[in-house]
Amino acid sequence: MASKGTVALEAMIAEATVDTDGHEDERAGLFAMIEEHLAVPFTTTVLGVEVTVRKVELTADSIAAVCARGRHRQRVGLLDLPLPTPAPDGAGWIDAYRHWARR
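Model, not experiment: these values are computed from the prediction.

Criteria and cut-off values
- Within each chain, residues carry numbers counting from 1 in the order of the written sequence.
- Note on the predicted model: pLDDT of at least 70 is required for a residue's local features to be given, and 80 or more for side-chain atom pairs to be given and counted; whole-chain, interface and lining totals, by contrast, use all residues.
- Side-chain descriptors were evaluated using all non-hydrogen atoms of the structure, hydrogens and water having been removed beforehand.
- Definitions used throughout: a 1 Å grid over protein atoms alone; a cavity as a set of points that fits a 1.4 Å probe which cannot get out; a pocket as an open set with protein on both sides within 12 Å along at least five of seven lines; a lining residue as one with an atom within 4 Å of a point.
- Grid points are joined across faces, edges and corners, and a volume is the space filled by probe spheres set on the points.
- For helices the rule is a DSSP run of H or I covering at least 4 residues; for strands it is a run of E covering at least 2, with both sets numbered from the N terminus onward.
- Residue classes follow a fixed rule: Ala, Val, Leu, Ile, Met, Phe, Trp, Tyr, Cys and Pro count as nonpolar, while Asp, Glu, Lys and Arg count as charged, and any other residue, Gly among them, counts as polar.
- Counted as a polar contact is a pair of N or O atoms within 3.5 Å, where, for protein atoms, one must be capable of donating a hydrogen and the other of accepting one, and residues adjacent in sequence contribute only when both atoms are in side chains.
- By the convention used here, strands pair only if DSSP detects at least 2 bridges between them.
- Only C-alpha atoms enter the line fits that serve as axes; for helices the fit covers just the stretch in contact. Angles between N-to-C directions range over 0 to 180 degrees.

Visitor: What is the right way to look at the layout of surface pockets in this model?
Guide: The volume enclosed by the largest pocket comes to roughly 160 Å³. In terms of lining, the largest pocket is formed by Val 46, Leu 47, Val 49, Val 51, Cys 67, Ala 68, Arg 69, His 72, Arg 73, Gln 74 and Val 76. Listing elements by their share of the lining of the largest pocket, those giving two or more residues are strand S2 (49-58), strand S3 (63-69) and strand S4 (72-77). By residue number, the principal contributor to the lining of the largest pocket is S4, which donates four residues. Looking at the lining of the largest pocket, its residues break down into seven nonpolar, two polar and two charged.

Below you can see the structure in the form of structure tokens.
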């Protein structure tokens, strides 16, 4: 039996991927929901360094966060991005993307 959290994530995935055709389309649908709902900027820690997530981008094979520290910028895949506590508004869509990616 699926957990309530899994059921909610599956519902979010279904909402984001309705009328999609294939893996790339599904990822694009999830990206659209993340981009629309995730409150940016927010601060998190990557490899022990505090960074600011400025935006998310759809890359050729994933969704990435554009992280900034001073004038430096680095893309970090959302599958690897540690989220702060408390998580920013809309972070549930990152959870849905991570769940989708593990399928």
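Having seen it, we continue.
Visitor: Is there a simple way to explain the side chain of Thr 44 in this structure?
Guide: Relative to the helices and strands, Thr 44 resides in strand S1 (residues 42-46). In this structure the side chain of Thr 44 is engaged in a polar contact, spanning 2.6 Å, whose partner is the backbone oxygen of Pro 82.

Visitor: Just to check I follow, could you spell out the sheet that holds S1 for this structure?
Guide: Pairing between sheet strands relies on hydrogen bonds along the backbone, with the strands arranged either parallel or antiparallel. One open sheet accounts for four strands, arranged S1-S2-S3-S4; its pairing is antiparallel. Each of the sheet's edge strands pairs with one partner strand only, and the pair in question is S1 and S4. On average, each strand axis in the sheet is inclined to that of its neighbour by 45°, with strand direction left out of account. When S3 meets S4, the two strands line up antiparallel, connected through six bridges.

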